[in-house]
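# Architecture at a glance
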Amino acid sequence: MEFSTVNDKINLYRKKVEKIKLGGGEKKIEKQHAAGKLTARERLDSLFDPESFQELFMFSEHRSNIMGMENKELPADGVITGCGEINGRTVYTFSQDFTVAGGSSGEMHEKKICEVMDMSLKCGVPFIGINDGGGARIQEGVDALSGYGQIFFRNTLLSGVVPQISIIAGPCAGGAAYSPALTDFIIMVKNNAKMFITGPEVIKAVTGEVITDNELGGAMTHATVSGLAHLVAENDHDALNLAKRLLSYLPSNNLEEPPVYLTDEASLGKDESLNRILPDDTKIAYDMRDIIKKIIDKGSFLEIQEFYAPNIIIGFARIKGRSIGIVANQPICSAGVLDINASDKAARFIRFCNCFNIPLVTFVDVPGFMPGVEQEYNGIIRHGAKMLFAYSATIVPKITVIVRKAYGGAYLAMCSKDMGADRVIAWPTAEIAVMGAEGAANIIFRKEIKAATDKKQEYINRVAEYKEKFANPYIAAGRNFIDEIIEPANTRKHIIRALNSIITKREMRPPKKHGNMPL
Ligand code: HXC
């Protein structure tokens, strides 16, 4: 028997690496490209800074020996795992390889994911998962299920310690969809991403409903109907860029502060157009995004869940280079009312910002909580309470800007002084009251209106009287519920100064495992 030379061994190693890197082979790669998808490795190349990716567990092999698996070679067991740098910051990752057994996840595939999740936790660096697979590998049965359980367990351990981002670039079906659901952000790629617990075939068999996979679990469905998707991407490159952009606002872990990116125009800035932005008639709507964009650093707004519950706006921005989380009512959608979905959307975002030391700036123009039988039956009390809980439990710096209406419970829920706002700033146009003038006049002047000969005129007079007395910021300011009343044009300056002066605040709360948030 001849000995292998060192050269032979190196060549053998090279061949093995080459084969593994080819995944499921040329034909499957062609099919992947034809579907408008990058391969798992191409995605990582696009995500990480050049030459920074370190692949770990490349030689991992499945050990299943039933149902034909004994003869199957599954390169890298269908998932690429490792770490790399994004703008110089380390991130751990996995990228499922659909060309290998449809990216399905068996025991070793899942072990690889768990290994890199453990490293992300130990090192305090973000974790990004790129999903493109058929869920638990059916042939590996309970081992595959157990592996998923271990991933879910780690998603929960990582939660609140390091940011977790999921990119859905292909199918993400069955129980497997719960792993992304446990992460902080889900970015779905239009046309190719599909997320559902049971697909169209099973639904047809069980309930008789007929639906396409895209209608059931495509990116726009989850962005608009279920609220599962936080960002929608046009294609794989777009999704990877969105993940990078998202990371730019976030610290690597809960013990760090978010990175600061100063730009040329990071001045205090006065914007006279803000003095003219509100319509004189308070019943007329305007786009709150126009206000936000005039106050933050130019081009720094990344809106999250743009298409879900559009009556509330959430997103990240920078102000004088510093990351902030923005929560704002949106008057052009249902007058900016707080309903079930808006409350869920905002509460989760508020809690994310609290986990990762991102100060919150809240812009208020809210007529109240949404009235209606459907809202009451579906639990507006339970869901609305999430907003109160989230703001009250949040200890990051909190600044509230009351732009216009701030009525009733919704005034409190939008981070009033009583919910722990560190600085409440009001525009002279702010109206802080128990309820809107029209509703209030009907209740407190009911007798007078009924008794009047000209009921309509009496109503108009009473509404005007109420507005005169209550629709302003001065009564609230008189009770110290407002720290400052400012000219709208100076809002940027006031937020920057407020942030500078409260950024160091420390708030102590009684020790406990965790509060019992209404879910
Ligand atoms: C093993 C799988 C697989 C799976 C796909 N494949 N899903 N192998 N286990 N879960 C294999 C196929 O056999 C095929 O192998 C290759 O991947 C590509 O699949 P195709 O069906 O040819 O591709 P396509 O038509 O694009 O459809 C992709 C798909 C479909 C939508 C993902 O394959 C599908 O519906 N798969 C099953 C999805 C599912 O129900 N998963 C839930 C599993 S249970 P060859 O050898 O032909 O290339 C689960 C529970 C987890 O996930 C619980 C955690 C709590």
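The following paragraphs examine the structure supplied in this document.

The rules behind these values
Residues numbered from 1 in each chain as written. Predicted model: local features only at pLDDT ≥ 70, side-chain atom pairs only at ≥ 80, totals over all residues. Heavy atoms only, no water. Helix = DSSP H or I, 4+ residues; strand = E, 2+ residues; numbered from the N terminus. Buried < 20%, exposed > 50% of the residue type's maximum accessible area, 1.4 Å probe, protein only. Contact = heavy atoms within 4.5 Å. Near = heavy atom within 4 Å. Polar contact = N/O pair within 3.5 Å; in protein donor to acceptor, adjacent residues only side chain to side chain. Areas by Shrake-Rupley, 256 points an atom, 1.4 Å probe, with all protein chains shown as cover. Nonpolar A, V, L, I, M, F, W, Y, C, P; charged D, E, K, R; others polar. Axes fitted to C-alpha atoms, helices over the stretch in contact; angles between N-to-C directions. Parallel < 35°, antiparallel > 145°, perpendicular 65-115°, else oblique. Left-handed = near helix turned anticlockwise from the far one by under 90°. Patch = residues over 30% accessible without salt bridge, like charges linked within 9 Å, V, L, I, M, F, W, Y side chains within 5 Å. Salt bridge = Lys/Arg side-chain N within 4 Å of Asp/Glu carboxyl O. Phe/Tyr/Trp six-rings, centres within 6.5 Å; stacked < 30°, edge-to-face > 60°. Lys NZ or Arg CZ within 6 Å of the ring centre and 35° of its normal.

Here we come to the environment of Met108. Here Met108 lies in helix α4 (residues 107-123). Taking relative accessible area as the criterion, Met108 reaches 18% and is therefore assigned buried. Expressed as a C-alpha distance, the spacing of Met108 and Ser60, which sit 48 residues apart in the sequence, is 6.7 Å. Here Met108 is in contact with Ser60, Glu61, His62 and Asp77, once residues within four sequence places are set aside.

Right, let's get into the site of the ligand. Around the ligand sit 18 residues, and of these Lys28, Gly102, Gly134, Ala136 and Ile138 come closest. Contacts to the ligand include Lys28, whose side-chain N or O atom sits 2.5 Å from an oxygen atom. Taking Gly102, its main chain carries an N or O atom lying 3.1 Å from an oxygen atom of the ligand. About the coverage of the ligand: the protein hides 53% of its 1,000 Å² of free accessible area. Broken down by secondary-structure element, the contributors of at least two residues to the shell around the ligand are α5 (141-158) and β5 (164-173). Looking at the shell around the ligand, the element that brings in the most residues is α5, giving three residues. Tallied by class, the residues present in the shell around the ligand amount to ten nonpolar, six polar and two charged.

This brings us to the packing of helix α16 (residues 437-444) against helix α18 (residues 455-470). Two numbers describe how α16 lies on α18: the axes approach to 9 Å, and their chain directions differ by 115 degrees. In terms of axis orientation, α16 runs roughly perpendicular to α18. Read as a crossing pair, α16 and α18 show a hand that is right-handed. Facing Ala437, Glu438, Ala440, Ala441, Asn442 and Ile444 of α16, the residues of α18 in contact are Tyr459, Arg462, Val463, Tyr466 and Lys467.

This paragraph deals with a nonpolar patch on the surface. The grouping of Val434, Met435, Ile443 and Ile444 at the surface amounts to a nonpolar patch, some 380 Å² of accessible area in total. Structurally, Val434 can be placed in the loop between β15 (431-433) and α16.

Each aromatic ring pair is characterised by the separation of its centres together with the angle its planes make. Counting across every chain of the model gives eleven aromatic pairs. Ring geometry for Tyr148 versus Phe152: centroids 5.7 Å apart, planes at 40 degrees, classification tilted. Residue Tyr148 and its partner Phe152 are located together in helix α5, separated by four residues, close to a single helical turn. Arranged with centres 5.0 Å apart and planes meeting at 45 degrees, the rings of Phe352 and Phe356 form a pair that is tilted. Put simply, the rings of Phe185, Tyr249, Phe316, Phe349, Phe352 and Phe356 pair up and form one aromatic cluster. The cationic tip of Lys37 hangs over the ring face of Phe98; the distance from NZ or CZ to the ring centre is 4.4 Å. Sitting over the ring of Phe445, Arg462 keeps its end group 4.6 Å from the ring centre.

Shape is all these values report; function is a separate question.
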